Every structure is written in C-alpha cells, then in structure tokens.
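In case you want the letters, here they are:
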Amino acid sequence: MAMRRATGAMIRACAASSSSSAGYFARHFHASSGDTKKIVGVFYKANEYASKNPNFLGCVENALGIRDWLESQGHQYIVTDDKEGPDCELEKHIPDLHVLISTPFHPAYVTAERIKKAKNLQLLLTAGIGSDHIDLQAAAAAGLTVAEVTGSNVVSVAEDELMRILILMRNFVPGYNQVVNGEWNVAGIAYRAYDLEGKTIGTVGAGRIGKLLLQRLKPFGCNLLYHDRLQMEPGLEKEIGAKYVENLNEMLPKCDVVVVNTPLTEKTRGMFNKELIGKMKKGVLIVNNARGAIMERQAVVEAVESGHIGGYSGDVWDPQPAPKDHPWRYMPNQAMTPHISGTTIDAQLRYAAGTKDMLERYFKGEDFPAQNYIVKDGELAPQYR
Amino acid sequence: MAMLRATRAAIKACASSSSSGYFARHFHASSGDTKKIVGVFYKANEYASKNPNFLGCVENALGIRDWLESQGHEYIVTDDKEGPNCELEKHIPDLDVLISTPFHPAYVTAERIKKAKNLKLLLTAGIGSDHIDLHAAAAAGLTVAEVTGSNVVSVAEDEFMRILILVRNFVPGYNQAINGEWNVAGICYRAYDLEGKTIGTVGGGRIGKLLLQRLKPFGCNLLYHDRLQMEPEIEKEIGAKYVENLNEMLPKCDVIVVNTPLTEKTRGIFNKEMIEKMKRGVLIVNNARATIMERQAVVEATESGHIGGYSGDVWDPQPASKDHPWRYMPNHAMTPHISGTTMDAQLRYAAGTKDMLERYFKGEDFPAQNYIVKNGEIAPQYM
C-alpha cells in the first residue's frame, strides 16, 4: 500500500509538468499509455450505513469499489459528497481533474461555468442513467465526452414505478399512517382504493424503462397506452400489448394513471405545467421517477391540492438533495421518497461495474459501448436533442 | 313503505310460533316467507357519501336495502358487533340470515349459534369465513357461503404491492420525505430489486395463482407449496416450482407470501420454530389471516432481524387494538384490512351476496364453489 502511494506521488509529479492547462491538447480524449489521471467521484455519504452491506458500492465510503484498482495503476482518486457552492470540495478539484464521475442520486451539477474552469477535464461519467445534471451543450462545445451506464438500472426503476402505481391506486399510504397512529378506519382508506385491473395506464416515453414497465404490467389486465418520439416495431408492440398514441394531448385525457418515462432535456423541461396537467382526467394518478424538473413544481402542488391530481408518487426532485421545505414533501396525497429507485444494491453493483469498464476503456484508448454515449465528438445523443 | 312494514309485522307474528327446532333450520325459504336479514359492515361516516359505489359500508348496506325491503324482508345493518350488549346481539335470537365481511367480522361463536334459533344462512360478503365456528355451524345444520372469487384479484395485486414495498424499502423513504430529511444511504443499504430473488407462496389456490401470474415478468425464482399440486400445463404456464415439503421450501425463500385460509391446520403454524427455518432477513407478506402467524413470534423475529420486513392487512382480532404490537415493531408495512374491499371488489361481492340471497329466497342452490358449510359438511380447504 505504502509503495503504491509513493509511486503514485512520483507519477503525479511527472504528470503535472505535462498538464498543458488550456486548449486542444488538454481535451484530447484518449489517455496516452502511461498517463496517470486525476479522477474525482461525487457520491452520497453513507456514514454508519457504509459498513452494513459489503455490496454497498455506490457511497463515498466504498467509492464504487474501484479505489484499489485505480490507485494500483497510479491514478489519483478523490471521492466526496461535498458538491454545492464555490467553496465546496468538488470546486477545489475542478481545475485539474481529468474525469468526473457522478450519480443522479447526488448529482454534481456540471454547469458551463464549471466546464470552463475544468481545463484538464476530458470525460464525464454518470454512474447510473440520466445525464441532465450536466450542461450537455456546453460539454459538446468544449469537446468533452459524456457517457452513462446505459441499462444499468432500468429494471430497478421500472419495478419501482409499478410499486408506486399500486401504492397510489390501492391507497396504501393512508392505511400505513393509520396503523402507526393507532387508528382503524377501513372506510377512510377504501372509499378511494381501487384495483389496478381494467384501468388505463399511459406511459409518456417508451424507451428502455417504459418498455420494461409495460411488460411488467401485462398480467394485470389493464388498458396500456404509450406515447414516444418513435413507435415500437409492430412485433414488439404486439408482444408488449400497448397501444401507440402519437398525440400526447390525445393520450392524456384517457389515462387513470400517467407514468413519466422521458429523460430531462430542453424539450421536456417543465412540460407538465398547469395547462398539460389540466388535460388529464380529474383524479389522475401520476408516477414520476424520471426527473423532478419535467414537472412544473408549483403546478403539481396546486393540482394535488385541488384534487385534479388524485395522487403523485416519485423519487425525483429539483434540486437534489431536496431542501427541508420542498413543497412536494407536504402536499396532500403524495407517496414521495428521496432518489432511491436506481440505487438499489443490485443496481449499484451493475453501475459500478459499468463505470469501471468505461474507465478501463478510456485508459486504453478504446471506445465505449455505443449506447452509453450521451455526448461524443461534439454531438448530443438523439434523445437529448 | 308503511304498508310494507305492517305486512312484515303480521308475517313475523305468524312465524314466531315456529321459532325453534327442525323447522326453524329448514333451509329453503317457502315462497311468501319474509326474512329477517342482518348485515354487519364497517361504518363509513363522512366517507359514505364521497363515492356512490361505496357499497360495503353500513350506510350503503351493500346497495340491497331497497331490493330487500320491496320484497317485504327486514334488513338491519350495524357495525356494533362486540360484547353481550351490542346491536348484533339483540338480533341474534330471531334473525334468519347474517351477512358479514372479513374487514369488520361478526365473530359467530358456538354460543351465538345456539342462541340464534331462526338462523339458517351465514353469508360472507368477501372471502374467508374463519370468523365463524364452522364445526358448530355444520353441527347445527346451517349453510355458510362466501362470494368465492369476488376479490381474489384485489388481494393478489395488494400482495404484489407489498412484496415490492418490502424489497425496495419504500416505507423508510416515505418517512424521510415527510420528515424533511434526505439520506439516500439510509434507505438503499437494504433496498434491492425483485429480479432474481426467490419468492415462495404458502398456498397456491386462487389468490396464490393470480399472484404467481403477476410475478412472471419479473424474472424471479417462483416456488409454491400447497395441499395439491397444480396441473402440469398450468404449472408450466405460471412458471412456478412445486415444493411438497414446506420445511424444504422455507429456507430457500427471500420472500414468503401467505396464501392459505385460516383453518384448524393453519392456525399458528408460523411460530418461532417455523420462522427460524426461513432465511435470516426474510420478507413476509400476509394478507391471508393474522392468526396463521403467532403474534409474538413475529414481533420478536422482526426485532431480532430474523424477519427483515413484514407487511400485511390482517390482524387478530379486527379491528386491531390501539396497542397491538404489530403497529410498532420495526420494519413493518402494515395497514388495516383493506386489500379485499377496494371499490371494485365491493361491487363484486355486493353483487355476489345479492345473487345468493335471491337464490336463497327461491330455494335454489348457490354456485358450488361458494359453499363453505353445506348439509353438515365443511369445504375441503377448511378441514
């Protein structure tokens, strides 16, 4: 251990002299063999929970499980949860880091300003899926590569969405609250509790997660609708058993439940405003594990208060961490949680492995799996344009 | 209305002269007989008027009051069912039919059966008739029937929801959100995907099968234990493996779902010894009946961590007392008894109850699968 650290220090000393801090060469993507890199990871802190599970890789303390692997190759690996404000730990490392790893559960907001300051930055990796915490246009203009571990937690999120659909439809939360408060009032729950069977569910977005959700809904006997930029192939659509609705305004009024399954992009930011929510059925149930900012925050609050939204459940907020006074915590008929759906222990194992794989390829000068790229050679992936 | 009441009073006066012995238990209503029907349901108070389909409460009385009274029958509905001075007790001596639901069950003991000289028919608006002393009912020549199938989908969906709630550790997340907190690690250190886990259902009857069907796309290892093995084609289509020996199945399961009725054989089977056969950290879902578990054994096992999470909507007794320990044990996701009384389920079991009353008045048989006690015999799943 001590020997590795000494070697690391020596290599870093050499590397510092060749870290041309501005212009084309600093952004040159492929690491030359022998180059050591400064890699910074921003994750959530686990404190006393870090040692409760050896597979708990996604926290600061366990650092994706790649510390030894990185340091044995001579790279520098800094891991922190301190990401906000001009004096935070992350800000100190911005000027000379090569690679920044972040996760949606505790996202490092990589603004155009930070990108400008980050003279050595070449690669932004998302350990998980969803890279909207990065100013993608600025990243593309600066010649950076942005990639995520596509597919790593799609099953996780789809399962979680189905759980929330049931929680809202069957009115679980008031029942739980009665129990812990010493109460018993079946009618106070049952008067607005329904079976999922026979209801109309619409997913806004039918990419990987949307499709997995629809597949899991199939045995429940619902009327399944989906809206997306693209229609599925007929064979797949038939097997999944969902109907394509090209016009979102046509789909929304039909749905008892609406599930949000799009990325956060310039097109989708704030799309569910008062007007669009108004197009949904009165009493609609909404599940959003996609991104908080796809909804207009106050429009959601007002709609649940009026009862136009009958129930809202999701694990995404804007910003994250959500402040103590975020109104979604206190609005009626909600089933919110912090951002957890994509960071189950099972998902962490997958996105840690996928991140390690991409780092390995980066060190060797190899391409990533094609579907992982969000920004490459100045271009944004199609779903973000 | 006044005329109907006068007629009813006259008929009751005639009927009371033959109120004990064989003739009182004679099942088929003679044409022209009016009956005294008592329904025990939960009260809805301010919720009764919030939804026109809210049939299952006292106030809306299964939606059959006008139908019954227009035929001259007497229909008394109450939620007051406990103790010697309750409303139900007053009507025991002369009622002909008693309707009850598992969500607010009228406990029909041998003692009450003895007192109920006119009683012929016990109907469960829902499924599960363990609130009745079935042996005493059989010995007294009563018929017991339930609306088989009326809320099997409801309960299966609800079990599914609870499996996910426990596996994905939803409740601590919700509690953080409403308490102004944000600590992702404090939830996800014990949050998992359902995919790839082993789920075992104890009982592969109607509800058990519907649950297994809904689990199919999740990529789990599905096991089931039951008195009977499914037919091979059904087993193959459902994708679950039969384990004949329960002791063999329990240690393999990450999640166990209870799907048996409460009978003499199943009462208290999940005691400390049986729970210990399960994996450490096992998650248990029980929407069946509470006394299938040994109450204190569950409390101790969740406190020790041997049970990693427990979720269900059934308690012993119901309503559950304010100090029932399952309300306060760690890692639970309990609710009152609601899974089988969604609005959709109420519509079905109200319709099924009405159908059986109609057949009863006409002297016709019920659908065969509805009988729990008939001609002195108890249905096989309860023996």
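Given the structure is predicted, the values throughout are model-derived calculations rather than measurements.

## Describing the sheet that holds strand 3 (residues 97–100) of chain B
Residue and element names in this part refer to chain B.
So, point 1. One open sheet holds the seven strands; their spatial order is 2-1-3-4-5-12-13, and the pairing between them is mixed. Edge positions in the open sheet fall to strand 2 (74–78) and strand 13 (377–378), since each of these has one partner strand only.
So, point 2. Pairing of strand 1 (residues 36–40) with strand 2, which is carried by five bridges, proceeds in the parallel orientation. Looking at the pairing, G39 lines up with V77 of strand 2.

## A word on the side chain of S156 of chain A
So, point 1. Locating S156 of chain A in the fold gives a position in helix 7 (residues 154–169).
So, point 2. For S156 of chain A, a relative accessible area of 0% gives the class buried.
So, point 3. Only 2.9 Å separates the side chain of S156 of chain A from the side chain of D193 of chain B, close enough to count as a polar contact.
So, point 4. In contact with S156 of chain A, other than residues within four places in its own chain, are S341, G342, T344, A347 and R350 of chain A together with R168 and D193 of chain B.

## Here we look at the UniProt feature "domain: D-isomer specific 2-hydroxyacid dehydrogenase catalytic" (unreviewed entry) in chain B
So, point 1. Under the UniProt annotation, the feature "domain: D-isomer specific 2-hydroxyacid dehydrogenase catalytic" (unreviewed entry) is placed at residues 68–365 of chain B.
So, point 2. Split by type, residues 68–365 of chain B is 36% helix and 15% strand. Its first and last C-alpha atoms lie 19 Å apart.

## Some details on the UniProt feature "site: Important for catalytic activity" (unreviewed entry) in chain B
So, point 1. Taking the UniProt record as the reference, the feature "site: Important for catalytic activity" (unreviewed entry) is found at R289 and H337 of chain B. The named residues occupy 49 residues along the chain; their greatest pairwise C-alpha distance, 9.9 Å, places them in one compact cluster.
So, point 2. Along the chain, R289 of chain B turns up in the loop between strand 10 (282–286) and helix 14 (295–304).
So, point 3. What R289 of chain B contacts, discounting residues up to four positions off in sequence, is P102, I127, G128, D130, L262, V314 and H337 of chain B.
So, point 4. A polar contact of 2.9 Å, which involves the side chain of R289 of chain B, links it to the side chain of D130 of chain B.
So, point 5. Take H337 of chain B: it is sitting in the loop between strand 11 (307–312) and helix 15 (343–362).
So, point 6. Classification of H337 of chain B by relative accessible area gives buried; the value is 3%.
So, point 7. Contacts of H337 of chain B, omitting those with residues within four sequence positions, involve W184 and V186 of chain A together with P102, F103, R289, D313, V314 and Q318 of chain B.
So, point 8. A polar atom in the side chain of H337 of chain B sits 3.2 Å from the backbone oxygen of P102 of chain B.

## Focus on helix 8 (residues 172–180) of chain A
Count 3.6 residues to each turn of an α-helix, and residues three or four apart come out pointing the same way.
So, point 1. Among the residues of helix 8 of chain A, F172, V173, G175, Y176, Q178 and V179 of chain A are the ones counted as buried.
So, point 2. Here the buried face of helix 8 of chain A lies against helix 7 and helix 9 (187–190) of chain A together with helix 7 (152–167) and helix 8 (170–178) of chain B.
So, point 3. Phi turns positive one or two residues past the end of helix 8 of chain A, at G182 of chain A, with a value near 75°.

## Some details on the interface of chain A and chain B
So, point 1. Each partner contributes residues to the interface: chain A has 69 residues there, and chain B has 69 residues.
So, point 2. Where chain A abuts chain B, roughly 6000 Å² becomes buried across the two surfaces, and 65% of that area is made up of carbon and sulfur atoms.
So, point 3. Inspection of the chain A/chain B interface yields eight salt bridges.
So, point 4. Put simply, E157 of chain B and R170 of chain A hold a salt bridge, and the shortest N to O gap is 3.0 Å.
So, point 5. Summed over the shared surface of chain A and chain B, the number is 36 residue pairs in polar contact (both at pLDDT 80 or more).
So, point 6. Going through the elements one at a time, helix 7, helix 8, helix 9, helix 10 (208–217) and helix 15 (345–364) of chain A are the ones with two or more residues in the side of chain A that touches chain B.
So, point 7. The greatest single-element share of the side of chain A that touches chain B, amounting to nine residues, is contributed by helix 7 of chain A.
So, point 8. In the side of chain A that touches chain B, the residues fall into 36 nonpolar, 18 polar and 15 charged.

Cut-offs applied
- Residues numbered from 1 in each chain as written.
- Chains lettered and ligands numbered in written order.
- Predicted model: local features only at pLDDT ≥ 70, side-chain atom pairs only at ≥ 80, totals over all residues.
- Heavy atoms only, no water.
- Pairing = 2+ DSSP bridges.
- Helix = DSSP H or I, 4+ residues; strand = E, 2+ residues; numbered from the N terminus.
- Buried < 20%, exposed > 50% of the residue type's maximum accessible area, 1.4 Å probe, protein only.
- Polar contact = N/O pair within 3.5 Å; in protein donor to acceptor, adjacent residues only side chain to side chain.
- Contact = heavy atoms within 4.5 Å.
- UniProt positions renumbered as here; feature names shortened; annotations may be inferred.
- Buried area = accessible area lost by both parts, 1.4 Å probe.
- Salt bridge = Lys/Arg side-chain N within 4 Å of Asp/Glu carboxyl O.
- Nonpolar A, V, L, I, M, F, W, Y, C, P; charged D, E, K, R; others polar.

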